[in-house]
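Each chain is listed here by its residues.
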Amino acid sequence: AQSVTQPDIHITVSEGASLELRCNYSYGATPYLFWYVQSPGQGLQLLLKYFSGDTLVQGIKGFEAEFKRSQSSFNLRKPSVHWSDAAEYFCAVGAGTNAGKSTFGDGTTLTVKP
Amino acid sequence: DAGVIQSPRHEVTEMGQEVTLRCKPISGHNSLFWYRQTMMRGLELLIYFNNNVPIDDSGMPEDRFSAKMPNASFSTLKIQPSEPRDSAVYFCASSPVRAGVTGELFFGEGSRLTVL
């Protein structure tokens with residue numbers, strides 16, 4: 001069965017500082033990986049996705065993520081955080097042909113200090 | 001373009017009452033998902049449909065929960081009778097899934113259910 005672990009429940013960074021959110025997955029084949037962001041009172045919005053090819057993927061709002069098969073990781077990064085990035089971030093792994101059965105991590109809440 | 005539309009946004013009801021949540025997916029998306037989000041359990045997939053057919057309902061908590069998708073543009077999630085432990089935010093999401101490809105999910109804004 002597929003699973004996702006986000007080791008950090010809560011992260012606080014200063015505005016303008018760099019950010020890395022960790023995600024580790026467990027899946028027997030090539031995974032389909034996603035990062036979503038959820039602002040308070042809103043639904044989840046896709047930031048970026050990895051299916052195949054280049055292991056460094058670019059997303060919206062200046063985010064990027066790197067797929068590392070050897071580490072079973074798909075960490076999310078941003079070089080300079082803005083106050084508007086404060087939100088909850090979810091990593092998810094999908095199961096190819098079993099489309100839709102994305103399994104979500106428990107989320108990481110990001111707080112941005114002025 | 002309109003996104004996934006859910007109604008109601010907020011619902012407060014009393015234990016034992018029937019609750020119906022509604023969802024209109026994005027036009028052209030052929031898969032629809034119902035998720036539940038709580039602090040304790042995070043995001044849980046309840047059920048999903050492909051081309052209006054329920055594919056996997058293993059996440060539905062119990063027989064009090066039922067979901068239907070009578071056509072490509074409408075789905076309902078019903079809880080009867082409701083219980084306080086059903087209090088959560090229920091999300092509907094749709095996806096332009098094609099054969100063999102996992103599509104990303106497009107979420108609605110959720111329906112916040114409170115059962116007293």
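Residues numbered from 1 in each chain as written. Chains lettered and ligands numbered in written order. Predicted model: local features only at pLDDT ≥ 70, side-chain atom pairs only at ≥ 80, totals over all residues. Heavy atoms only, no water.

A. Quick look at the overall build of chain A. Counting secondary structure elements, chain A contains zero helices and 12 strands. Element order for chain A, N to C, with α for helix and β for strand: β-β-β-β-β-β-β-β-β-β-β-β. Whereas a compact globule of 114 residues would reach a radius of gyration of roughly 13 Å, chain A reaches 13 Å, a difference of no more than 12%. When the backbone C-alpha atoms are referred to their principal axes, chain A occupies close to 45 × 30 × 20 Å. Here chain A, with 114 residues, has 47% of them falling under the buried criterion. For chain A, the exposed surface amounts to about 5300 Å²; the carbon and sulfur share of it is 48%. (Helix = DSSP H or I, 4+ residues; strand = E, 2+ residues; numbered from the N terminus. Rg over C-alpha atoms; globule rule 2.2 N^0.38 Å. Buried < 20%, exposed > 50% of the residue type's maximum accessible area, 1.4 Å probe, protein only. Areas by Shrake-Rupley, 256 points an atom, 1.4 Å probe, with all protein chains shown as cover.)

B. Inspection of unusual backbone geometry at higher detail. Geometrically, the link from Ser7 of chain B to Pro8 of chain B is a cis peptide bond, its omega value of -10° lying close to zero. Among the secondary structure elements, Pro8 of chain B is positioned in the loop between strand E1 (5–7) and strand E2 (10–13). Here Gln80 of chain B and Pro81 of chain B are connected by a cis peptide whose omega angle stands at -10°. Considering the arrangement of structural elements, one finds Pro81 of chain B in the loop between strand E8 (74–79) and strand E9 (88–95). Even without glycine at this site, Lys61 of chain A takes up a positive phi of about 60°. Take Lys61 of chain A: it is sitting in the loop between strand E7 (56–58) and strand E8 (64–68). Using a relative accessible area of 46% as the deciding quantity, one classes Lys61 of chain A as partly exposed. Phi is positive for Ser72 of chain A, close to 50°, though the residue is something other than glycine.

C. Region of the structure containing empty space enclosed by the protein. Scanning the model with the defined rule gives one cavity of 30 Å³ or more in all. Within this model, the largest cavity holds a volume of roughly 50 Å³. In terms of residue class, the lining of the largest cavity is made up of five nonpolar, two polar and two charged. (1 Å grid on protein atoms, 1.4 Å probe; cavity = no way out; pocket = protein on both sides within 12 Å on 5 of 7 lines; lining within 4 Å. Points joined across faces, edges and corners; volume = space filled by probe spheres on them. Nonpolar A, V, L, I, M, F, W, Y, C, P; charged D, E, K, R; others polar.)

D. Quick peek at the layout of surface pockets. What the largest pocket holds in volume is close to 590 Å³. Lining the largest pocket we find 28 residues, and of these Gln38 and Glu88 of chain A together with Gln37, Thr38 and Met39 of chain B sit closest to its centre. Broken down by secondary-structure element, the contributors of at least two residues to the lining of the largest pocket are strand E10 (87–94) and strand E12 (108–113) of chain A together with strand E4 (31–38) and E9 of chain B. The greatest single-element share of the lining of the largest pocket, amounting to three residues, is contributed by E9 of chain B. Tallied by class, residues from the lining of the largest pocket come to eight nonpolar, 14 polar and six charged.

E. Region of interest: the environment of Gln6 of chain B. Residue and element names in this part refer to chain B. Structurally, Gln6 can be placed in strand E1. Relative accessible area serves as the criterion here: at 7%, Gln6 is assigned to the buried category. Taking the C-alpha atoms as reference points, Gln6 and Gly108, 102 residues apart in sequence, are found 6.0 Å from one another. Sequence-distant contacts of Gln6, defined by excluding residues within four places in its chain, comprise Arg22, Trp34, Tyr90, Phe91, Cys92, Gly108, Glu109, Gly110 and Ser111. Engagement of the side chain of Gln6 in a polar contact is seen with the backbone nitrogen of Cys92, the distance being 3.0 Å. A polar contact of 3.0 Å, which involves the side chain of Gln6, links it to the backbone nitrogen of Gly110. (Contact = heavy atoms within 4.5 Å. Polar contact = N/O pair within 3.5 Å; in protein donor to acceptor, adjacent residues only side chain to side chain.)

Bear in mind that shape data such as this cannot, by itself, settle questions of function.
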